[in-house]
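Secondary and tertiary structure notes
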Amino acid sequence: MASYHCPRLLCVLALTAALTHGGYVVTTPKQWVAGTTAQLCVVVDDPSAPAGKLTVAVTAYDYQQLPEKRNINIIPQTTLDIPAGRTGSCYDVSVPSSSVYTHSLHVAGVVGGAKLTRTVSLTLKSTSDITFVQTDKYLYEPSQNVKFRILTLTGPYLSVSTDPYPEVWVQTPAGTRVAQWKNVDNTAGLVHLDFDLADEPEKGLYTLFVKTPRGQQQSVTFKVEKFVLPRYEVVLKPPAYILGTDEAFTFTVCANYTFGQPVKGNLSLTLDTNHRRKCKVDVTNNVTISGCKEVEVQASELRIIDCDVYSLKASAIVTEEGTGVEIKRTPQSPSPETP
């Protein structure tokens, strides 16, 4: 039990009474949190007040139960001794878990020489764990090492949990377990685990499952596939601006290998006016390319003036000579401006 004067502005729920020989205030939060300790505080202002006693109980009414079982005792009657004289005392009440949200707080007894019998509404907030599961990346190649970590926050103040994890396992797209851990130690509060993929693993989406200390299940996915970085890149550079009076304008497309040499192949540059019906125009230019290529487009082909074209969509596809490998680029093109 802790004793101190209760700041009136911080008391969010008050049972008050004014007496001829003094007064008292009984306070407690409107919401109690399951699994924690709540406080009920009593302040008596009269220095000559006699000692008193209060009984405190919490009940609930569960509509999901049979009528004769709907009244539930959440916290049985607890007796609090109130010392004589002017006092300010707070009493700890252990709050259990409850499947019902709304409850009733019953307070009865004698405080400061006055009888008190009150029932007020009270809510009990349940707490749940938050578990984070994170891999070091999303995409893996065969035979690579998969690293991951697990962190669980628990309680009303989201403290780091150090309880062990009953089970952790990895499942392939077909549902086969390829790795598992039992009763994983969590003394440090943060678990680091890893495993190696097979040389020829099943390709697709894998799922990493974690069973939390409370028996809940969390999961995260990652992908396994054999990927190859592109051997060359394509850059499509539109003109800085296009005037409605321009007769032609130029787009520049560059295709180069990652080691700097130019790519030889075919270039297909397509421009779309973003219009519908009779004003919709698609213009495609097919040319050869070796490194960089400037492609000139006639404004008349796109009907910029007579169709009031305000924006263009451009796309360039470069097909490598000999291999047929294609790379596509679609930057935002400038809007034609009227001078």
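A brief look at the structure comes next. None of these values were measured; they are calculated from a predicted model.

Looking now at the overall build of the protein chain. On a plain count of helices and strands, the protein chain comes out with 1 helix and 28 strands. Here the protein chain holds 339 residues, and 40% of them are scored as buried. Within the structure as shown, the protein chain displays about 19500 Å² of accessible surface, and the carbon and sulfur contribution to it stands at 50%.

Quick look at the pairing of strand β27 (residues 326–329) now. Of the strand pairs in this sheet, strand β26 (residues 313–320) and β27 are connected by 4 bridges, and their pairing is antiparallel. Residue pairing across strands places Ala316 opposite Arg329, the latter belonging to β27. Turn length for the β26-β27 hairpin, with the two strands adjacent in sequence and antiparallel, is 5 residues, and the turn residue Gly322 shows positive phi of about 95 degrees.

A few words now on the sheet that holds strand β19 (residues 217–224). Read from one edge to the other, the open sheet built from 5 strands follows the order β12-β19-β18-β15-β16, with strand pairing classed as mixed. The open sheet has two free edges, formed respectively by β12 (139–140) and β16 (177–184), since each of these has just one partner strand. Sheet analysis places strand β18 (residues 204–211) next to β19, joined by 8 bridges and oriented antiparallel. Bridging from a neighbouring strand, Lys211 pairs with Gln217 of β19.

Within this structure, the stated rule accounts for 9 aromatic pairs. Geometrically, the ring pair formed by Trp181 and Phe195 is edge-to-face, given 6.4 Å between the ring centres and 65 degrees between the ring planes. Taken together, the residues span a long stretch of sequence, with Trp181 in strand β16 and Phe195 in strand β17 (residues 190–196) at a distance of 14 residues. Phe195 matches Trp181 in its accessibility class, with the two residues each being buried.

What follows concerns a nonpolar patch on the surface. A contiguous nonpolar surface patch, about 260 Å² in accessible area, is contributed by Ile130, Phe132 and Leu158. Residue classification places Leu158 among the partly exposed residues on the basis of a relative accessible area of 41%.

The next point concerns the sheet that holds strand β25 (residues 292–298). Spatially, β20-β22-β25 is the arrangement adopted by the 3 strands of the open sheet, whose pairing is antiparallel. Sheet topology places β20 (232–237) and β25 at the edges, where each strand pairs with a single neighbour. Neighbour-to-neighbour, the strand axes of the sheet open up by a mean angle of 20 degrees, direction not taken into account. With 6 bridges joining them, β20 and strand β22 (residues 248–257) adopt antiparallel strand pairing. Looking at β22, one finds that Val234 is bridged to Ala255.

All right, on to the pattern of salt bridges then. Going through the model one piece at a time under the given rule, you end up with 7 salt bridges. A salt bridge links Glu320 to Arg231, with the nearest nitrogen and oxygen atoms 2.6 Å apart. Of the two residues, Glu320 is situated in strand β26 and Arg231 in the loop between β19 and β20; the sequence distance between them amounts to 89 residues. Residue classification places Arg231 among the partly exposed residues on the basis of a relative accessible area of 44%. The network of salt bridges with common partners includes Glu167, Arg177 and Lys182.

The rules behind the values
- Residues numbered from 1 in each chain as written.
- Predicted model: local features only at pLDDT ≥ 70, side-chain atom pairs only at ≥ 80, totals over all residues.
- Heavy atoms only, no water.
- Helix = DSSP H or I, 4+ residues; strand = E, 2+ residues; numbered from the N terminus.
- Buried < 20%, exposed > 50% of the residue type's maximum accessible area, 1.4 Å probe, protein only.
- Areas by Shrake-Rupley, 256 points an atom, 1.4 Å probe, with all protein chains shown as cover.
- Pairing = 2+ DSSP bridges.
- Phe/Tyr/Trp six-rings, centres within 6.5 Å; stacked < 30°, edge-to-face > 60°.
- Patch = residues over 30% accessible without salt bridge, like charges linked within 9 Å, V, L, I, M, F, W, Y side chains within 5 Å.
- Salt bridge = Lys/Arg side-chain N within 4 Å of Asp/Glu carboxyl O.
- Axes fitted to C-alpha atoms, helices over the stretch in contact; angles between N-to-C directions.

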